[in-house]
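# A look at the structure
Here's the letter readout for the chains.
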Amino acid sequence: MEYLRDIATSVAIYGFFGFVWFGWALEGPKESWKKYLGIACGASLLVGLLGVYLVFNYQDEASALMGTTLSTWYYAIVLIEFLLGGIVAYILYKKKLEDYIAPWICLIVGVHFTPLAFIFQDPTMHVLTLLFIVTSIVTVKRLKTISYRASAITGIGAGSTLLCFALVNIVRLLLS
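Attention here is on the structure that accompanies the text. Per chain, residues are indexed from 1 in the order of the written sequence. The model is predicted, so local features are restricted to residues of pLDDT at least 70 and side-chain atom pairs to those at 80 or more, both for listing and for counting; the totals for chains, interfaces and linings are taken over all residues. Heavy atoms throughout the structure, all of them, feed into the side-chain values; hydrogens and water do not.

### Here's the deal with the pattern of salt bridges
When their charged atoms lie close together, side chains carrying opposite charge are able to pair. Every case where a carboxyl oxygen of Asp or Glu lies within 4 Å of a side-chain nitrogen of Lys or Arg is listed as a salt bridge. Applying the stated rule across the entire model yields four salt bridges. A salt bridge links R149 to D99; its shortest N-O distance comes to 3.1 Å. With a gap of 50 residues between them, R149 in the loop between α5 (124-142) and α6 (150-175) and D99 in the loop between α3 (68-94) and α4 (101-119) connect regions that are remote in the sequence. When its relative accessible area of 26% is taken as the criterion, D99 is described as partly exposed. By the criteria applied, helices consist of DSSP H or I runs no shorter than four residues and strands consist of E runs no shorter than two, each listed in order from the N terminus. Any residue under 20% of the maximum accessible area for its type is buried, any over 50% is exposed, and the rest in between are partly exposed; the area is computed with a 1.4 Å probe on protein chains only.

### Re the environment of I119
Tracing the chain through its elements places I119 in helix α4. It is 7.3 Å that separates the C-alpha atoms of I119 and Y74, two residues lying 45 residues apart in sequence. For I119, the residues in contact, after removing those within four places along its chain, are A64, L65, L70, W73, Y74 and I77. Note on contacts: a residue pair is in contact if any heavy atoms of the two residues lie within 4.5 Å.

### Digging into the packing of aromatic side chains
Here the aromatic set is Phe, Tyr and Trp, taking the six-membered ring for Trp, and pairing holds for ring centres within 6.5 Å; pairs whose planes are under 30 degrees apart are stacked, those over 60 apart are edge-to-face, and all others are tilted. Applying the stated criterion across every chain yields a total of eight aromatic pairs. Plain terms: the ring middles of F16 and F19 are 6.3 Å apart, the flat faces sit at 40° to each other, and that makes the pair tilted. A residue pair is termed a helical-turn pair when its members lie 3 or 4 positions apart in one helix, as F16 and F19 do in helix α1 (residues 4-25) at three residues. Look at F113 and F132: their rings are 5.6 Å apart centre to centre, the planes differ by 70°, and that puts the pair in the edge-to-face class. Pair noted here: F113 is in helix α4 and F132 is in helix α5, with a separation of 19 residues, a long-range link. The same class applies to F113 and to F132, which are both buried. Members of the aromatic cluster, each reached through a chain of ring pairs, are Y14, W21, W24, F113, F132 and F165.

Function-wise, these values are silent; they only describe arrangement.
What follows is the structure, encoded as structure tokens:
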């Protein structure tokens, strides 16, 4: 990723959504995990807020989305992701398969990083894709053996991944 503004924006987005995933993990984790998940939520939120500050500092920099074609592709991908994720999540809910919703959304979010890697010219997003898909698979494989909500596994995996990538992008900005 050559665009400093996009790196700063990714810090805000990854930090905020790390907060969201850790929050989802709090839906029904092991009791002993709650304190750590709360700390992780707080850390992700702080990193996300730092990202907002960084976005303002880099707002005059170029962005990959400045080209109208790339911007259109970006919004189309996000729209498709929301629709597909929401429709299947609703079906899973109606079929009383709620424990599959978090891994499903994680899978959709993971897959959406691949086209974004090309739009933003950031190969690290392919790693995000892989880690989100692995998180989804691990969650589904563990469903029958856990006594807590599947969203705890998914939220920890996705939240940790996003928080780590937000921190990596802070370092990228510092080194630029």
